[in-house]
Amino acid sequence: MSRTSASKDASPDEAPGSAPAADSPLVHGLKQRHLSMIALGGVIGAGLFVGSGAGIAAAGPSIVLAYAVSGALVMLVMRMLGEMSAANPASGSFSVHAERAIGPWAGFTAGWGFWFLLCVAVGIEGIGAADIMVGWFPGTPQWAWVALFMLVFCGSNLTAVKNFGEFEFWFAALKVGAIVLFLGIGVLAIIGILPGSDVSAPGAANLTGEGGFMPKGTDGLIIGLLASVFAYGGLETVTIAAAESKNPVQSVAKAVRTAMWRIALFYVGSMLVVVTLLPWDDKEVADKGPYVATLDHLGIPAAGQIMNVVILIALLSAMNANIYGASRMSYSLIQRGQGPKALGRVHSGVPRLAVLASSVFGFVCVLLSYWRPDDVFPWLLNMIGAMILVVWIFIAVSQLILRRRTERDEPQKLVVRMWAYPVLTWVALAAMAYIFYLMTEQPDTRKQLIATGSLTLVLAVIGYVRQRMAERSAPAAAE
């Protein structure tokens, strides 16, 4: 039997304009094992398997340093987000926290900006997955594969949330298994004991040769740093999903606390393996991707096809997670009066209209890649280029404000605490500001910065106007 509800995120005893503690109309169907794997899978995306090759080509062995530095920033951001989400779990996550801390316009800007980012990403991931399928089945239309994937994951998200959790659990398990196997093979090869391989232990030759650890100087390191920062996007989904778990506070606390070593192991560790085993300027690193190039170098049979399967899984996992994240973010915004009410209805514990709207927008982005590949589609890509940094800034500013407020009013809610508050929060904000500055120095990232800034400004203006209108109408309604 279908159940429909449009109740607010906020509980009745909360003050007007405050954010929800949790979303009661949604079914708490996610288990701890689902959240653990969502957190694990969130840091293993196609950007790691494929996109890291461009970073290696730009930075050389210093890509390890770039990933370590950007990973440290992500750890700080996730710790801040974990503190706020454990204190007040909500499907709107950082959008809710921004609204509580700064005001409705900030929640509107962060929330709809992130929704836009996820929907465009769904389209990009669908195109990437379709490219792999066309390679396996030549002559089949790319759009048909995208449509099939959209139908499958839209369908899985329209049913009970536990189905999304199961999809992500197995997707993440396969990705984790693949990266752990790669790291194991790489370590054995580095110390020269990989069975069946004729490759001798490379020592530090590839780390210090061919121009040294930083062959292109600080300019190359900066390009690698920018590439690595945006590869970490995806961890935020676990705090959105935590609101639909059986124990939201404990679940988000555990997921955030264990995310730290995963970042070091999967990203920094795998980059170290690649640049230790292969010369950084090996053309195959950029052409095939670092993982395929490394496995080919070690003589692993069918390495290319094996990694294509892993990359396909990573893309499909990201599609599934992004449709989920976009639908829950839009649902939360709508429940707070920041979107069309018609999309905010919940059927059998699932915001189905929000799922459909997010999926349709993602597919429209795919169609735009065919209809307007030279103007509209590139502009869409540029608009999401720096959006994750905008979100991170809202997270940091919100944590600065809410931590002080929570310590004063509800200290028992601080299950997760930001390290060295407020010093490290300010350090993270300074690092983000510096990354924005670095983006102005590179032509490609400058375009992204302008486009993302334009989108953010438009959303902020709309959000502020809506906030002012609501404030003016409130006294009139009370009379």
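Residues numbered from 1 in each chain as written. Predicted model: local features only at pLDDT ≥ 70, side-chain atom pairs only at ≥ 80, totals over all residues. Heavy atoms only, no water.

The name given to the chain in an unreviewed UniProt entry is Amino acid transporter, with the source organism recorded as Streptomyces alfalfae. We quote the UniProt Subcellular location (unreviewed entry) comment for the chain here in full: "Membrane". (UniProt positions renumbered as here; feature names shortened; annotations may be inferred.)

Caption draft 1: Local environment of a nonpolar patch on the surface. On the surface, a cluster of nonpolar side chains totalling about 310 Å² of accessible area is made up of L65, V69, F213 and M214. Assignment of secondary structure puts F213 in the loop between α8 (205-208) and α9 (217-231). (Patch = residues over 30% accessible without salt bridge, like charges linked within 9 Å, V, L, I, M, F, W, Y side chains within 5 Å. Areas by Shrake-Rupley, 256 points an atom, 1.4 Å probe, with all protein chains shown as cover. Salt bridge = Lys/Arg side-chain N within 4 Å of Asp/Glu carboxyl O. Helix = DSSP H or I, 4+ residues; strand = E, 2+ residues; numbered from the N terminus.)

Caption draft 2: Looking closely at the state of the cysteines. Evaluation of the coordinates by the stated rule reveals zero disulfides. Looking at C154, it has no disulfide partner, and the nearest cysteine sulfur is the one in C119, 11 Å off. Since its relative accessible area comes to 10%, C154 is described here as buried. Its sulfur unpaired, C365 is 7.0 Å from the next cysteine sulfur, which belongs to C119. (Disulfide = S-S within 2.5 Å. Buried < 20%, exposed > 50% of the residue type's maximum accessible area, 1.4 Å probe, protein only.)

Caption draft 3: Spatial organisation of the packing of helix α4 (residues 94-101) against helix α17 (residues 387-409). Direction vectors running N to C along α4 and α17 enclose 55°, while the axes themselves pass 8 Å from each other. Of the possible angle classes, the one that applies to α4 and α17 is oblique. Here the hand of the crossing between α4 and α17 comes out left-handed. Where α4 approaches α17, its residues F94, H97, A98, R100 and A101 are matched on the opposing element by V391, F394, I395, S398, I401, L402 and R405. (Axes fitted to C-alpha atoms, helices over the stretch in contact; angles between N-to-C directions. Parallel < 35°, antiparallel > 145°, perpendicular 65-115°, else oblique. Left-handed = near helix turned anticlockwise from the far one by under 90°. Contact = heavy atoms within 4.5 Å.)

Caption draft 4: Structural context of empty space enclosed by the protein. Taken as a whole and assessed by the stated rule, the structure comprises one cavity of 30 Å³ or more. Space inside the largest cavity adds up to approximately 60 Å³. Forming the boundary of the largest cavity are E83, M84, A87, N88, H97, R100, L402, R403, T406 and L414. Counting residues per element, the ones that place at least two in the lining of the largest cavity are α3 (63-87), α4 and α17. Within the lining of the largest cavity, the residues separate by chemical class into four nonpolar, three polar and three charged. (1 Å grid on protein atoms, 1.4 Å probe; cavity = no way out; pocket = protein on both sides within 12 Å on 5 of 7 lines; lining within 4 Å. Points joined across faces, edges and corners; volume = space filled by probe spheres on them. Nonpolar A, V, L, I, M, F, W, Y, C, P; charged D, E, K, R; others polar.)

Caption draft 5: Molecular detail of the packing of helix α15 (residues 352-371) against helix α16 (residues 376-383). For the pair α15 and α16, the least separation of the axes is 7 Å and the interaxial angle reads 135°. Viewed along their axes, α15 and α16 adopt a mutual orientation that is oblique. Here C365, L368 and S369 of α15 come into contact with α16, specifically with V376, F377 and L380. Residue composition of the contact of α15 with α16, by class: five nonpolar, one polar and no charged.

Caption draft 6: α17, seen in detail. Compared with an ideal rise of 1.5 Å per residue, which puts 23 residues at 33 Å, α17 spans 32 Å between its outermost C-alpha atoms and is within 8% of the ideal. Of all bends in α17, the biggest is about 25°, found at Q399. (Expected span 1.5 Å × (residues − 1). Bend = angle between axes of the 7 residues up to and from the residue.)

Caption draft 7: Geometry of helix α6 (residues 142-158). Helix length check: α6, at 17 residues, gives a terminal C-alpha distance of 24 Å against a target of 24 Å (1.5 Å per residue), a fit within 8%. Those residues of α6 not exposed but buried are Q142, W145, V146, A147, F149, M150, F153, C154, S156 and N157. Contact partners of the buried residues in α6: α5 (104-136), α7 (161-190), α14 (303-335) and α15.

Caption draft 8: Looking closely at the confidence of the model for the chain. Per-chain confidence: the chain averages 85 in pLDDT, with 92% of residues scoring 70 or above. Taken as a whole, residues 1-24 scores under 50 in pLDDT and shows 61 contacts with residues more than four places along the chain or in a different chain. (pLDDT = per-residue confidence, 0-100.)

Caption draft 9: Molecular detail of the nonpolar core. F49, I63, F114, W392 and I395 are the most contacted members of the largest nonpolar core, which totals 141 residues. Looking at this core, the element that brings in the most residues is α5, giving 17 residues. In this view, W392 contacts L73, V74, V77, V229, E236 and M432; residues no more than four positions away in its chain are not counted. (Core = buried A, V, L, I, M, F, W, Y, C linked by side-chain atoms within 4.5 Å.)

Caption draft 10: Up close: unusual backbone geometry. Along the chain, Y421 connects to P422 via a cis peptide bond; the corresponding omega equals 0°. Its location among the elements puts P422 in the loop between α17 and α18 (423-441). Unusually for a residue other than glycine, S93 sits at a positive phi of about 45°. Take S93: it is sitting in the loop between α3 and α4.

Caption draft 11: Layout of the layout of surface pockets. A volume near 1,500 Å³ is recorded for the largest pocket. Along its surface, the largest pocket is lined by 49 residues, and G47, I124, E125, F230 and A231 are the ones closest to its centre. Contributing elements (two or more residues each) for the lining of the largest pocket: α1 (32-42), α2 (46-59), α5, α7, α9, α14, α16 and α19 (443-478). Considering only residue class, the lining of the largest pocket consists of 26 nonpolar, 18 polar and five charged.

Caption draft 12: Examining the side chain of S70 more closely. Note that S70 resides in helix α3. Reaching out from S70, the side chain makes a polar contact with the backbone oxygen of A66 at a distance of 2.9 Å. Dropping the residues within four chain positions of it, S70 is found in contact with L225, S228, V229 and Y232. (Polar contact = N/O pair within 3.5 Å; in protein donor to acceptor, adjacent residues only side chain to side chain.)

Caption draft 13: Main features of the packing of aromatic side chains. The final tally for this structure, using the stated rule, is 15 aromatic pairs. The interplanar angle of 65° and the centroid separation of 6.1 Å between the aromatic rings of W105 and F394 together place this pair among those described as edge-to-face. Taken as a pair, W105 in helix α5 and F394 in helix α17 lie far apart in primary sequence, 289 residues in all. On the basis of relative accessibility, which here comes to 26%, the residue W105 falls in the partly exposed class. A network of ring pairs unites the aromatic residues W112, W115, F116 and F361 as a single cluster. Above the face of the F169 ring, R33 is positioned so that its terminal group lies 4.6 Å from the ring centre. (Phe/Tyr/Trp six-rings, centres within 6.5 Å; stacked < 30°, edge-to-face > 60°. Lys NZ or Arg CZ within 6 Å of the ring centre and 35° of its normal.)

Caption draft 14: Quick peek at the pattern of salt bridges. For the coordinates displayed, the defined rule picks out 11 salt bridges. For E244, the salt bridge goes to R328, with nearest N and O atoms at 2.7 Å. In this pair, E244 sits in the loop between α10 (237-241) and α11 (248-277) while R328 sits in helix α14, placing the two residues 84 residues apart along the sequence. The class for E244 is buried, based on a relative accessible area of 0%. By relative accessible area, which is 1% here, R328 ends up buried. Its salt-bridge partner being E471, residue R468 comes within 3.2 Å of it at the nearest N-O pair. Taken together, the positions of R468 and E471, both in helix α19 and three residues apart, correspond to about one turn of that helix. Take R468: its relative accessible area is 34%, and that puts it in the partly exposed class. Among the charged side chains, a salt-bridge network with shared partners connects E83, R403, E407 and R417.

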